[in-house]
Amino acid sequence: MSILEVKDLTVTFPGGIEAVRGVSYEVERGEVLGIVGESGSGKSVTSLAVMGLLPRDAVVDGSVKLHGQELLGMPEDELVKVRGKAISMIFQDPLSAFTPVYTIGDQIAEAVRIHQKVSKDKAAKRAVDLLDLVGIPNPQLRAKSFPHEFSGGMRQRAMIAMAIANDPDLLICDEPTTALDVTIQAQVLEVLKTAQQETGAGIVMITHDLGVVAGMADRVLVMYAGRPVEQGSVDDIYYRPRMPYTMGLLASIPRVDGEEGPLVPIEGNPPSPASLPPGCPFAPRCPMKVDMCEEEEPPLTPIEGGRHVACIRAHEIEHKGLTGADVFPVPVIPPSDVVRVPRDQRPTVLELDGLKRHYPLMKGAIFKRRVGTVYAVDGISFDIAEGETLALVGESGCGKTTTLQQIMQLTPPQDGRVVVLGKDSAKLDKAARQALRRDLQIVFQDPMAALDPRMPIGDIIAEPLRAHGKKDVSAKVAELLQLVGLAPEHAERYPQQFSGGQRQRIGIARALALEPKLLVLDEPVSALDVSIQAGVINLLEELKNRLGLSYLFVAHDLAVVRHLADRVAVMYLGRIAEIGAVENVYDRPAHPYTQALLSAIPLPDPEKERTRKRILLEGDLPSPADPPSGCRFRTRCPKFARLSEAERQRCVEEEPSVTRLTSAVDHGAACHYAEEVEVITASDNQEEE
């Protein structure tokens, strides 16, 4: 018998906005159901409706049964007894889900005592045991910590501990790894698997990360415009999709194990729930649409093998064996003339040599005193050639953003050198600095925060042109909008009238206004859905080739990095751990940290995910105010435990510098015992090299 049965669930908000339109699914004991789709598809609203956590003005219809007991319409005092006991939820943002003024241990113990008749002492002991189960170091001590004293990964693990405190039968996970670094994400997913083994619970995994679903789920439900459009086993959905939307989602994913070439974007944007198109909601974006698609919305129809598809052309897709690349047009990006010249013969557009940025650590409210130093960036060196993309990657807190700030400020660094387009930033006067800013521009992570909501986008793009005294501004704005794939007539619209992907294109147009030679990209696609992200990545690649641009690309998504970058530098605690050509670093990583990063990336391939070998890092990133002596990575290094006593002593006492590896011209690692290992496709049954 199923744990959870959802039938014809609909959610309508004031104004007749149907956010969820007829969702049905079942979850059995020990089963993982993945629910995927773009932002606004109704995934999270569905889960909140199941939990009874929607606002009072939302109208919920249909049926939600837990162990055969109807939850919709249940009195609140009865529902409280079910929540946290039989059904629990892991939220996307654990910091907002915890109460900041109570300790983590007290909050977990409270969840225990609400549903179980136990003493305070037993509940507190249970809280410590749960923190230990989910891998929190020193659980006895950390149970007395407040939420803000935990890192993001630790907070998410503590949230999982609270969710499983009463051995629930069903766990609903709403984007549980979205804001986490890839190494912490791997730890959290392992904790979820452990929690499921301990409780035997069914799991509903709501996420936009198709790699996570491939490794976790047994069945997949694909949602679009508030309703299911395809449902089936994870293998069927990933290897034999029958709905064009599912095919487009899978084809748009950048893969660390995939071939190079343009990604396949889904043109357009998801429809607003307030103004759905007639017929199939996906028809305006579907390359396979016919006239019948716009007449009537297709129902979710059962096909072979227990699958369901909402598409009138599903049988044709199956018969012809079509893939996403067959259905969606693959963009053609012309190659760059610049890269035909060997790298060592091209001019250098950016050079960092021994760059350092330390911050004083102060204490005291009135009389402040220095109690330490934060080593944000502690001696890094790299260069970027004309027409090249260098990606700077690493966990949060490794110094990526501080490095960008030092470059963009064009001021003398504390130590080391920053040379932009042949000009040393320490020797620039005010006029030279302003002139150089034309050639150095930045695209920010959050386009909405970077664009003034009170100005039309035409004025936003024109602002740098006017500031530098350019003429024919209107014509230049129209040209820039066309360059990034937007219509010139949209110049009078405001930022809030555009989608996320379109706003990022506006940010790119503004950055290109002064025809720069070097573009700094600070996580430019991290906030976008994968289908929209593909179009922006293709645009960046096309602009680089057409205009001869060079990019410094900061990202945490290593799959995007592989697709866009020529070279990659991996940072750890203010230092570079590994650097080289993308194919060298990805195919044969030599530093244990890089190996762990790459092994943690989920692949959108169920068969590979089932057999891959993970290198899980213990603990969290040390504080940059107190980095370990010698090798900074040794406290988390899986290789360190296997070294002899003499070899360990060297790691403790001597800090390694980046040394070129003998196997490749452009590949270096800062490890005393660097060893190239294949990790992206390495399986559990392979011997570790």
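Whatever comes next refers back to the structure up there.
Residues numbered from 1 in each chain as written. Predicted model: local features only at pLDDT ≥ 70, side-chain atom pairs only at ≥ 80, totals over all residues. Heavy atoms only, no water.

> I would appreciate a short explanation of the pattern of salt bridges in the present structure.
Two side chains of opposite charge can pair, provided their charged atoms sit close to one another. Following the criterion strictly, the structure yields 41 salt bridges and no others. Residues Asp235 and Arg610 are paired through a salt bridge, measuring 2.4 Å at the closest nitrogen-oxygen approach. A residue pair is termed long-range when its members are at least 10 positions apart, and Asp235 in helix α10 (residues 234-239) and Arg610 in helix α24 (residues 606-611) qualify at 375 residues. Its relative accessible area of 48% is what places Arg610 among the partly exposed residues. Note that Glu542 and Arg546 form a salt bridge whose closest N and O atoms lie 2.6 Å from each other. Residue Glu542 and its partner Arg546 are both found in helix α20 (residues 530-547); the two are separated by four residues, about one turn of the helix. Since its relative accessible area comes to 26%, Glu542 is described here as partly exposed. We classify Arg546 as partly exposed; its relative accessible area is 47%. Taken together, the salt bridges that share partners define one network made up of Arg343, Asp383, Glu388, Arg567 and Asp666. (Salt bridge = Lys/Arg side-chain N within 4 Å of Asp/Glu carboxyl O. Helix = DSSP H or I, 4+ residues; strand = E, 2+ residues; numbered from the N terminus. Buried < 20%, exposed > 50% of the residue type's maximum accessible area, 1.4 Å probe, protein only.)

> Mind showing me how you'd approach the sheet that holds strand β2 (residues 17-27) here?
Strand pairing in a sheet relies on backbone hydrogen bonds. The paired strands run either parallel or antiparallel. Pairing in this open sheet of four strands is antiparallel, and the strands run β2-β1-β4-β5 from one edge to the other. The open sheet terminates on both sides in strands that have one partner only, identified here as β2 and β5 (69-70). Against the sheet, helix α1 (residues 43-51) makes contact with β1 (4-13), β2 and β4 (59-66), and its axis sits at roughly 110° relative to β1, the strand it touches most. (Pairing = 2+ DSSP bridges. Contact = heavy atoms within 4.5 Å. Axes fitted to C-alpha atoms, helices over the stretch in contact; angles between N-to-C directions.)

> Help me understand the state of the cysteines, please; the structure alone is not making it clear to me.
A covalent bond bridging the sulfur atoms of two cysteines is what the word disulfide describes. Counted according to the given criterion, the structure contains zero disulfides. There is no disulfide at Cys637, and the cysteine sulfur nearest it, in Cys671, is 6.3 Å away. Residue classification places Cys637 among the buried positions, given a relative accessible area of 15%. On the accessibility criterion, Cys671 (18% relative accessible area) is buried. (Disulfide = S-S within 2.5 Å.)

> Quick question: what am I supposed to make of the side chain of Arg503 here?
Looking at the secondary structure, you find Arg503 in helix α19 (residues 500-512). When residues no more than four places from it in sequence are discounted, the contact partners of Arg503 are Pro447, Met448, Leu451, Pro495, Gln496 and Phe498.

> Looking at this model, I keep getting lost on unusual backbone geometry. Mind explaining?
Glycine aside, the phi torsion of most residues is negative, and most peptide linkages are trans. Despite not being glycine, His67 shows a phi value in the positive range, around 55°. Along the chain, His67 turns up in the loop between β4 and β5. In this model, Ala225 sits at a positive phi of 55°, which is unusual for a non-glycine residue. Relative to the elements of secondary structure, Ala225 occurs in the loop between β9 (219-224) and β10 (227-233).

> Help me understand the packing of aromatic side chains in this model?
For any pair of aromatic rings, the description consists of the separation of the ring centres together with the inter-plane angle of the planes. Tallying each qualifying case throughout the model produces six aromatic pairs. Against the face of Phe640 rests Arg648, its NZ or CZ located 5.7 Å from the ring centre. Here the basic side chain of Arg650 rests over the ring of Tyr673, its NZ or CZ set 5.9 Å away from the ring centre. (Phe/Tyr/Trp six-rings, centres within 6.5 Å; stacked < 30°, edge-to-face > 60°. Lys NZ or Arg CZ within 6 Å of the ring centre and 35° of its normal.)

> Please clarify how the pairing of β1 should be interpreted in this entry.
Two faces, one strand: in a regular strand the side chains alternate between the faces of the sheet. The sheet contact formed by β1 and β4 spans seven bridges and is antiparallel. Paired with Val6 across the two strands is Val64, which belongs to β4.

> I'm lost on the layout of surface pockets in this one. Help?
Any empty space left between the atoms is revealed when a probe the size of a water molecule rolls over them. Roughly 790 Å³ of internal volume is contained in the second largest pocket. What lines the second largest pocket is a set of 39 residues, among which Thr178, His208, Asp209, His556 and Asp557 lie closest to the centre. Breaking the lining of the second largest pocket down by element, the ones donating at least two residues are α8 (182-199), α9 (210-216), α20 and α21 (558-564). Grouping the amino acids of the lining of the second largest pocket by side-chain chemistry returns 20 nonpolar, twelve polar and seven charged. (1 Å grid on protein atoms, 1.4 Å probe; cavity = no way out; pocket = protein on both sides within 12 Å on 5 of 7 lines; lining within 4 Å. Points joined across faces, edges and corners; volume = space filled by probe spheres on them. Nonpolar A, V, L, I, M, F, W, Y, C, P; charged D, E, K, R; others polar.)

> When you look at the nonpolar core in this model, what are you seeing that I'm missing?
Soluble globular proteins tend to pack their nonpolar side chains together in the buried interior. Membership of the largest hydrophobic core comes to 75 residues, with the highest contact counts inside it found for Ile508, Val561 and Tyr586. Examining the composition of this core, we find that six residues originate from one element, α20, more than from any other. Beyond its immediate sequence surroundings of up to four residues, Ile508 is in contact with Val443, Val484, Val536, Leu539, Leu540 and Leu543. Residues Val128, Tyr245, Val327 and Phe328 belong to the second largest nonpolar core, which totals 74 residues. (Core = buried A, V, L, I, M, F, W, Y, C linked by side-chain atoms within 4.5 Å.)

> Can you help me understand the environment of Lys43 in this one?
Here Lys43 is to be found in helix α1. The sequence separation of Lys43 and Tyr224 amounts to 181 residues, and the corresponding C-alpha distance is 9.0 Å. When neighbours within four sequence positions are excluded, Lys43 is seen to be in contact with Ile35, Val36, Gly37, Glu38, Glu175, Ile206, Thr207 and Met223.

> What should I look at first to understand helix α14 (residues 400-409) in this one?
A turn of α-helix holds 3.6 residues, and therefore any two residues three or four places apart point the same way. Buried residues dominate α14, accounting for seven of its ten residues. Within α14 the residues assigned to the buried category are Lys400, Thr402, Thr403, Leu404, Gln406, Ile407 and Met408.

> Just to check I follow, could you spell out the side chain of Ser425 for this structure?
The topology assignment puts Ser425 in the loop between β17 (423-424) and α15 (430-437). Residue Ser425 is classed as buried on the basis of its relative accessible area of 1%. Polar contacts involving the side chain of Ser425 include one to the main-chain carbonyl oxygen of Thr411, which spans 3.3 Å. Excluding its chain neighbours within four sequence positions, the residues that come into contact with Ser425 are Leu410, Thr411, Pro412, Pro413, Val418 and Arg433. (Polar contact = N/O pair within 3.5 Å; in protein donor to acceptor, adjacent residues only side chain to side chain.)

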